[in-house]
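Chain by chain, the residues run as shown.
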Amino acid sequence: MNSMRKSTLESLGLGTVLEIFRNGKLPVSTEEMVSKVFGPKEKRGCMVISGANGIVGAGKVMQFASRLLPYNVPIIALDLPGSPDGISKQYSGLVKAFGRDGANDIMKNIIRLNYDGKSLPETIKQYNPKFLLEAIPEKLELKKEHFKLFRKEFPGIHIWSVTSGFPSSQLGVGIAHPAFPHEINKIFEIVEEKPSAQTQLLWSMGLIPMQVSDDWSFVLDVFFCGLMNAAIRYSSMTNTPFWKVDKYIRKMVGPNPFRAHDAIGAKGANFLTWSCLHHLGKEYGELFSPDEKLVEYKDSGQNWYPPDHFRPLVNWTLDEEEKETLRIMIFGALFQMTSIMLHERRSDLATMNSIGELCAQFTKGMLATIRNYGEEKVIKTIKAYHKLHPEAAKTKWYPEEFKKMSSSEWQQLYVNAGHDGKTGVITISRESYNSDVDAELNRAIDYLKKNKIKRVIVTSDFHFSTQMVGADTNEFFPAITDVKEGERIASSWSKTARRLYYEFEISLGFINGKRCMGGMLELMLHCHYLFATEDTSIAMPEVTLPVVPGMEGCHWAIRKAKPADRKHLVKMLLEGKQMKAKDTVGWFVDFSDTLENSLKKAWQVMEKGTSALPLRKVEESSLGKIQFDENLFSHANGTGEARKAISKCIEDSCSAKLSDAITVQARHSADFMVSKLCRKGRVGSEFDKVMGN
């Protein structure tokens, strides 16, 4: 298969997305991988999670217990007697997610055992441990002794450490570093010589393993701890309160590093951040050395936000010079650190970028940010940083890494494309649509067109993107105050989506995951066919935000539906409720079934064209008057004005010719974005929260 870059799925030893469609099934099943890891049904072993009462351990107990319950794999939760009971605290969350009966079943599958740290309880042997996930304190010698203890009793056991900093070469075991919050975040940084059955088991259960290299602190904690250290340095340099630094970092980068440490638990988080930076500093130099203030807070374990801090009373703004100093201190440090990780190839670039977004909560991944800056501005920022923090200049960095940004791996961080000479596939690994995805999608389409591919499947990457939640609302912030920006975004994104309809003989949007909504759903609608697995939820939730759909959601699907079915689409737009894909067949999606049946049918369409499934064409002339159910307005539940705005957009864009509708809908969307009603809603409130002083 030819592709723009290697897919992240291949890094797990699971082949390509195109092979999934050609084979009509996923590369591995959970049942298959459970048998490989824990043994056959009649001799199935258990999973042990040590340090199970801690924040990390308790979260992972819940995550694995719920997923392994159907396969009769017991979870041994092991910890010291008298350790704080972190597991019981998770029960209420289980009840919310699975109901009381489901939560009780999961808890029954958790066997809690105590040990003294020197020997294992005899009881554990009867459960035949096959897999140990270690989550004990971050002390190297303690961990090594722990592994010796298990290997002595169970020589064949597979061991992973959840360490956030120590490399596998130091520990002598594999690494599975989980992202926070530990009970719900599905991402693990995995360090191993080659993809293991355990890694493929995680993927088969809907978790997200990401392969990284064996270097101190891997990728996530270089970003997370590095950002925290840079924020502390700026605070110390300028005497700016932590909460104020948080406010501006949220605006520039995305996360609130000080608040995050308090949310995780300052005592533990401060120590872990210090530990990572301490070891990184010894390995690389002053760029990473922990700030004195971090050492102080590590020793005291105190919160960064005191309960009586003066934020409500003292709310000044930074002037332009102060903002520029902050930008240099934060991005200069992050850019220099990233150059080191790029030089060491700590992961493929798509993975490194996604770890920043999905785990460190960056608004845009650091590589996407660097790409948008450009080589010259990135290097200039690092050099300016060295003037403000001269000690960092003593740490070696690699400006030549930024000269590679024209490569496909750099240019396609979110969207990949490949083909077998006949059929193409475009995969999207980001859950929300933004300007970077839009640009990459255009390049992916160009790539397939250049290779004369006429039939294409557009889908998720079957790895990072487990859902498609819509457009990235951060992209709308300029449109809140500038109607021209709103028109530009809506029209340009719609033109990209239309390429899927006009530039291929057959395009098929394939939705696989928990949900697909809003802008992402509008994108997929532009394909000739729309497929979705039967339990996938779909929705046009714009009315609840409120915004007016900007990627032709107000008319494209209506133009494909029979006149008698248009009422379903109008209701969908004006109510914003989620629906199961299988309940929309014929008027919204074209096919919905089990995953395997949907994969097989999609491949039939690629091979046989419209003879495999009739094609619903888009009506290009005016649709005339669209009928509305007046009850949708009389029981509006506070969304009446938004419904009226969306209904007006439906009327005007449907009555226009298709060639004119793109402009009509873009104008409606942009006009509403600058309205007072939008400003009071979720998008407007988020804009005020993030962009305010």
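Criteria and cut-off values
Residues numbered from 1 in each chain as written. Predicted model: local features only at pLDDT ≥ 70, side-chain atom pairs only at ≥ 80, totals over all residues. Heavy atoms only, no water. Helix = DSSP H or I, 4+ residues; strand = E, 2+ residues; numbered from the N terminus. Rg over C-alpha atoms; globule rule 2.2 N^0.38 Å. Buried < 20%, exposed > 50% of the residue type's maximum accessible area, 1.4 Å probe, protein only. Contact = heavy atoms within 4.5 Å. Areas by Shrake-Rupley, 256 points an atom, 1.4 Å probe, with all protein chains shown as cover. Lys, Arg positive; Asp, Glu negative; His and termini not counted. Charge placed at Lys NZ, Arg CZ, Asp CG, Glu CD. Pairing = 2+ DSSP bridges. Right-handed = clockwise from strand over helix to strand, strands pointing away. Disulfide = S-S within 2.5 Å. Core = buried A, V, L, I, M, F, W, Y, C linked by side-chain atoms within 4.5 Å. Salt bridge = Lys/Arg side-chain N within 4 Å of Asp/Glu carboxyl O.

*Asks:* Break down the overall build of the protein chain for me, citing the residues and quoting the values.
*Replies:* Each helix and strand counted, the protein chain has 30 helices and 19 strands in total. Against the 2.2 N^0.38 benchmark of 26 Å for 693 residues, the protein chain shows a C-alpha radius of gyration of 26 Å, consistent with a compact globule. Across its three principal directions, the C-alpha atoms of the protein chain cover 80 × 70 × 50 Å. Residues classed as buried in the protein chain amount to 59% of the 693 residues present. In the protein chain, the proportion of contacts linking residues at least 24 apart, taken out of those at least 6 apart, comes to 75%. Entry remark: accessible area of the protein chain is about 27,900 Å², with carbon and sulfur atoms responsible for 50%. With 91 positive and 83 negative side-chain charges, the protein chain shows a separation of 3 Å between the mean positions of the two kinds.

*Asks:* Give me the lowdown on the pairing of strand 3 (residues 75-79), citing residues and values where you can.
*Replies:* In terms of residue burial, strand 3 counts as a mostly covered element, since 5 of its 5 residues are buried. Every second residue of strand 3 is oriented toward a common face, with Ile-75, Ala-77 and Asp-79 on one face and Ile-76 and Leu-78 on the other, all of them buried. Here strand 2 (residues 46-50) runs beside strand 3; their pairing, made up of 4 bridges, is parallel. Bridging from a neighbouring strand, Ile-49 pairs with Ala-77 of strand 3. As a crossover connection, the stretch from strand 2 through helix 4 (residues 55-68) into strand 3 is right-handed. By the bridge criterion, 5 bridges tie strand 3 to strand 4 (residues 110-114) in an arrangement that is parallel. The partner of Asp-79 across the bridge, within strand 4, is Asn-114. Handedness of the strand 3-helix 5 (residues 91-108)-strand 4 crossover: right-handed.

*Asks:* Which residues make up unusual backbone geometry, and what values do they have?
*Replies:* Here Phe-180 and Pro-181 are connected by a cis peptide whose omega angle stands at 0 degrees. The topology assignment puts Pro-181 in the loop between strand 7 (174-178) and strand 8 (187-191). Of the consecutive residues Leu-545 and Pro-546, the connecting peptide bond is found in the cis state with omega at -15 degrees. Here Phe-462, not a glycine, exhibits a phi torsion of approximately 60 degrees, which is positive. For Phe-462, the location among the structural elements is in the loop between strand 13 (455-460) and strand 14 (470-471). Of note, the phi angle at Glu-552 is positive, near 75 degrees, even though the residue is not glycine.

*Asks:* Quick rundown of the environment of Glu-344? Include the residues and the values.
*Replies:* With respect to the helices and strands, Glu-344 occurs in helix 14 (residues 320-344). It is 9.8 Å that separates the C-alpha atoms of Glu-344 and Asp-214, two residues lying 130 residues apart in sequence. Residues in contact with Glu-344, not counting those within four places in the same chain, are Ser-213, Asp-215 and Tyr-284.

*Asks:* So what about the state of the cysteines? Which residues, and what values?
*Replies:* Scanning the entire structure with this criterion turns up 0 disulfides. Looking at Cys-516, it has no disulfide partner, and the nearest cysteine sulfur is the one in Cys-527, 11 Å off. The exposure class assigned to Cys-516 is buried, which follows from its relative accessible area of 0%.

*Asks:* Outline the nonpolar core, listing residues and values.
*Replies:* Within the largest apolar cluster, 169 residues are counted, with the highest numbers of intra-cluster contacts made by Ile-426 and Phe-588. No other element matches helix 14, which puts 12 residues into this core. The residues contacting Ile-426, other than those within four sequence positions of it, are Val-415, Asn-416, Ala-417, Leu-441, Ala-444, Ile-445, Leu-448, Val-456, Ile-457, Val-458, Thr-459 and Leu-500.

*Asks:* Tell me about the pattern of salt bridges, residues and numbers included.
*Replies:* Within this structure, the stated rule accounts for 33 salt bridges. Between Glu-153 and Lys-125 there is a salt bridge; the shortest N-O distance is 3.5 Å. With Glu-153 in helix 6 (residues 140-153) and Lys-125 in the loop between strand 4 and strand 5 (129-134), this pair connects stretches of sequence that are 28 residues apart. With a closest N to O distance of 3.2 Å, Glu-409 and Arg-345 form a salt bridge. Residue Glu-409 is found in helix 18 (residues 408-411), and its partner Arg-345 is found in the loop between helix 14 and helix 15 (349-358); the two are separated by 64 residues along the sequence. Linked by salt bridges that have partners in common, Lys-364, Arg-371, Asp-436, Glu-440 and Glu-475 make up one network.

Remember that the coordinates give geometry; whether it matters functionally is a separate question.
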